[in-house]
Amino acid sequence: MDNYTKTETISAKSKALSGQIKVPGDKSISHRALMLGAMAVGETIISNLLEGEDVLHTAEAMRKMGAKISHGSDGLWRVHGVGIGGLKETNSVLDMGNSGTSTRLLMGLVSGQPITTTFTGDASLTKRPMNRVINPLEMMGASFMAQDGGRLPITVKGAQNPLAIEYTLPVASAQVKSAILLAGLNARGQTTVIETHATRDHTENMLRHFGVNVITENLENGAKAIHLTGQQDLMPCAVDVPGDPSSAAFPVIAALINEGSDITISNMGINETRIGLYTTLREMGADITFENQKMQAGELIADIRVKGTGSLKGIDVPEDRIPSMIDEFPILCVAASMAQGTTKMTGLSELRVKESDRLLMMAKGLHACGVDLEMGEDSLVIKGKGKPCIGGACVETALDHRIAMSFLILGSITDEPVSIDDAAPIATSFPNFIELMNDIGLNITSAGYPPIPALG
Ligand code: S3P
């Protein structure tokens, strides 16, 4: 990346956390609100959109393909869409930055339209596997030119007449499911995606919110079939994006590991496909309650209250829970590092292909901070001693926002401060992370944070 400046940042012991806060809007829901708004004819108004770099990349891509998107001084985002099949070809390469969700979902969307589009990304995104979306999208009639191993940059030639398919997901991935459904929007007939493990269902919920008939059928053993009939019009609507439970995970665990903490995070999404971490933390002995539950734009919302006793116990995390907490393993490792006893996490091969190899980056960083652990091909076993580790290391974050935030939370309890080599990637999902965490009690210092967003 040109002109990329790393932002070294230090986290030192904090006091007990207190306060009522809001975390930024849900990243997954924000991407989908912009994309579906761009497919509806008329004005969609989005409030509490995550204004992180990943979502801004989606907005920019949708603009380049013909949607009119504005961000008002009232904080609202207004999207005037082009209708199903109405995306226009752009001669710019779509640079998706660090964002796997933007890339994979948009590869799906453009595969169902008769246009040719080229995607690229940063040093992290260009290493990530894209064959998982290319394979089903080819079956729907799109064709692809990719770098070796199905990596970006990738040019997609969308199908003139996309075919509706039935596809069983070989990996539990909401991005792959969503890419197929978005391509299916412009296919004649019924597109069906079968998932053997439930993954986040925000695409289905948001499609329904835009008036599209999507049927979720429960099959045997917890599998689901999602049926979408193509060529239905999307109705513009209002979307109020709830707080992101994956972002809330950082203040939640900061509060749990700092004794005497009491925080409330309001207006949080608690969709059951996203809250595996919270179930796991309760099994570890955490005091977490969901208060004031209600439905909003097809999603379940609550205020999350957390009281920190500073004492957690190690557990075995069940593998069937992984999809509902896939992004939360880095910060769970921080909780496990100070829990009493062993936390065993298995079946984690997907962590190797996230924004970084998260198994490796967490194992390396925790080891450098004095944590006793064993890393396997797809597993991590953390042997907590019931007290904080030493810390005192500068941890490499490999362009991964969640690795960066996890180690800044760890530094709030360690004997010696923990530093990270680069806080800049935090702006992809949680632009005000440092300010907000410091407001409720953390002690993070950084030169030049937050960075100026690249896009607006
Ligand atoms: C996402 C799905 C998950 C998750 C990512 C967001 C989405 O990825 O890790 O941060 O918005 O659909 P996978 O589909 O690769 O599991």
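Chemist: Which residues make up unusual backbone geometry, and what are the values?
Modeler: Here the amide bond leading from L152 into P153 is cis, since omega sits at -5°, within 30 degrees of zero. Summarising the element assignment, P153 is placed in strand β9 (residues 151-157). In this structure, A297 is a non-glycine residue whose phi angle is positive, near 45°. With respect to the secondary-structure elements, A297 resides in the loop between β16 (287-296) and β17 (299-307).

Chemist: So what's going on with the side chain of S324? Residues and values would help.
Modeler: One can find S324 in the loop between β18 (316-317) and α9 (329-338). Within the structure, the side chain of S324 is placed 2.8 Å from the backbone oxygen of R321, a separation counted as a polar contact. Setting aside residues no more than four positions away along its own chain, S324 makes contact with E272, T273, R274, I275, G276 and L277.

Chemist: Outline the side chain of D303, listing residues and values.
Modeler: On the secondary structure map, D303 appears in strand β17. One buried charge, D303, has no salt-bridge partner; the nearest side chain with opposite charge is K294, at 7.2 Å. Separated by 2.9 Å, the side chain of D303 and the backbone nitrogen of N267 make a polar contact. Sequence-distant contacts of D303, that is, excluding residues within four places in its chain, are made with T264, I265, S266, N267, T289, F290, E291 and N292.

Chemist: Which residues make up the domain arrangement of the protein chain, and what are the values?
Modeler: Assigned domains within the protein chain: domain 1 (9-25 + 242-446) and domain 2 (27-240). Here the C-alpha centroids of domain 1 and domain 2 sit 28 Å apart. Counting residues at the interface gives 27 residues for domain 1, matched by 28 residues for domain 2. Our count for the contact surface shared by domain 1 and domain 2 stands at three salt bridges. Measuring nitrogen to oxygen at the nearest pair gives 2.9 Å for the salt bridge that ties R132 to E350.

Chemist: Run through the pattern of salt bridges, naming residues and quoting values.
Modeler: All told, the structure shown has 21 salt bridges when counted by the stated rule. Close ionic contact of E60 with R63 constitutes a salt bridge, the shortest N to O distance being 2.9 Å. In this pair, E60 and R63 both sit in helix α2 (residues 53-64), three residues apart, roughly one turn of the helix. Residue class for R63 comes out partly exposed when judged on its relative accessible area of 25%. With a shortest N-O distance of 3.2 Å, D74 and R78 are connected by a salt bridge. Residue classification places D74 among the partly exposed residues on the basis of a relative accessible area of 46%. Here the salt bridges share partners, and the residues they tie into one network are R128, R200, D327, E355, R358, D400 and R402.

Chemist: Summarise the site of the ligand; cite the residues concerned and give the values.
Modeler: Close to the ligand lie S28, R32, T101, R104, A172, S173, A174, Q175, R200, I326, D327 and K354, which account for all nearby residues. Separating an oxygen atom of the ligand from a side-chain N or O atom of R32 is a distance of 2.7 Å. The backbone of A174 places a nitrogen or oxygen atom 3.1 Å from an oxygen atom of the ligand. Alone, the ligand offers 380 Å² of accessible surface; in the complex the protein occludes 95% of this. Along the lines of polarity and charge, the residues of the shell around the ligand split into three nonpolar, four polar and five charged. Looking at which domains feed residues into the shell around the ligand, each of domain 1 (9-25 + 242-446) and domain 2 (27-240) supplies at least three.

Chemist: So what's going on with the sheet that holds strand β11 (residues 190-195)? Residues and values would help.
Modeler: Strand order in the open sheet made by the four strands is β10-β11-β13-β12, with mixed pairing throughout. Sheet topology places β10 (166-168) and β12 (214-218) at the edges, where each strand pairs with a single neighbour. Geometrically, the sheet is characterised by an average inter-axis angle of 15° between neighbouring strands, direction not taken into account. Its contacts with the sheet put helix α6 (residues 202-209) on β12 and β13 (224-229), and the angle it makes with β12 is roughly 140°.

Chemist: An account of the nonpolar core is requested, with residue identities and associated values reported.
Modeler: Core analysis: the biggest nonpolar cluster contains 78 residues, and Y278, L281, I288, I409 and F433 have the highest contact counts within it. Counting residues per element, this core draws most heavily on helix α7 (residues 245-257), which supplies nine residues. Here I288 is in contact with V252, L256, Y278, L281, R282, I304, R305 and V306, once residues within four sequence places are set aside. Formed by 64 residues, the second largest nonpolar core is a distinct cluster that contains I29, L105, I154 and V239.

Chemist: I'd like a rundown of the sheet that holds strand β14 (residues 238-240), residues and numbers included.
Modeler: Here we have four strands laid out as an open sheet, ordered β4-β5-β3-β14, and mixed in their pairing. With partners counted over all chains shown, the strands left at the sheet margins are β4 (68-71) and β14, one partner each. Between one strand and the next, the sheet's axes are offset by a mean angle of 15°, whatever the strand orientation. Sheet topology places strand β3 (residues 43-47) next to strand β5 (residues 77-80); four bridges connect them, and they run antiparallel. Bridge pairing links E43 to H80 in β5. Each of β3, β4, β5 and β14 is contacted by helix α1 (residues 27-39), which is oriented at about 35° to β5, the strand it contacts most.

Chemist: Before we move on, could you go through a negative patch on the surface and cite the residues and values that matter?
Modeler: Negative charge collects at one region of the surface, where E319, D320, E377 and D378 lie side by side. Note that E319 resides in the loop between β18 and α9.

Chemist: So what about the packing of aromatic side chains? Which residues, and what values?
Modeler: In the structure shown here, the tally under the stated rule is three aromatic pairs. For the pair F250 and F433, a centre-to-centre distance of 6.1 Å together with 85° between the ring planes defines the contact as edge-to-face. With F250 in helix α7 and F433 in helix α12 (residues 433-439), the pair connects residues that are 183 residues apart, well separated along the chain. Measuring from ring centre to ring centre gives 5.3 Å for F430 and F433, while their planes differ by 70°; the resulting arrangement is edge-to-face. F433 carries the same exposure label as F430, and that label is buried. Three or more aromatic residues joined by ring pairs make a cluster, and in this case those are F250, F430 and F433. Lying over the aromatic face of F290, R282 brings its terminal NZ or CZ to 4.6 Å of the ring centre.

Definitions and limits used
Residues numbered from 1 in each chain as written. Predicted model: local features only at pLDDT ≥ 70, side-chain atom pairs only at ≥ 80, totals over all residues. Heavy atoms only, no water. Helix = DSSP H or I, 4+ residues; strand = E, 2+ residues; numbered from the N terminus. Polar contact = N/O pair within 3.5 Å; in protein donor to acceptor, adjacent residues only side chain to side chain. Contact = heavy atoms within 4.5 Å. Buried < 20%, exposed > 50% of the residue type's maximum accessible area, 1.4 Å probe, protein only. Lys, Arg positive; Asp, Glu negative; His and termini not counted. Salt bridge = Lys/Arg side-chain N within 4 Å of Asp/Glu carboxyl O. Domains from an automatic or database assignment. Near = heavy atom within 4 Å. Areas by Shrake-Rupley, 256 points an atom, 1.4 Å probe, with all protein chains shown as cover. Nonpolar A, V, L, I, M, F, W, Y, C, P; charged D, E, K, R; others polar. Pairing = 2+ DSSP bridges. Axes fitted to C-alpha atoms, helices over the stretch in contact; angles between N-to-C directions. Core = buried A, V, L, I, M, F, W, Y, C linked by side-chain atoms within 4.5 Å. Patch = residues over 30% accessible without salt bridge, like charges linked within 9 Å, V, L, I, M, F, W, Y side chains within 5 Å. Charge placed at Lys NZ, Arg CZ, Asp CG, Glu CD. Phe/Tyr/Trp six-rings, centres within 6.5 Å; stacked < 30°, edge-to-face > 60°. Lys NZ or Arg CZ within 6 Å of the ring centre and 35° of its normal.

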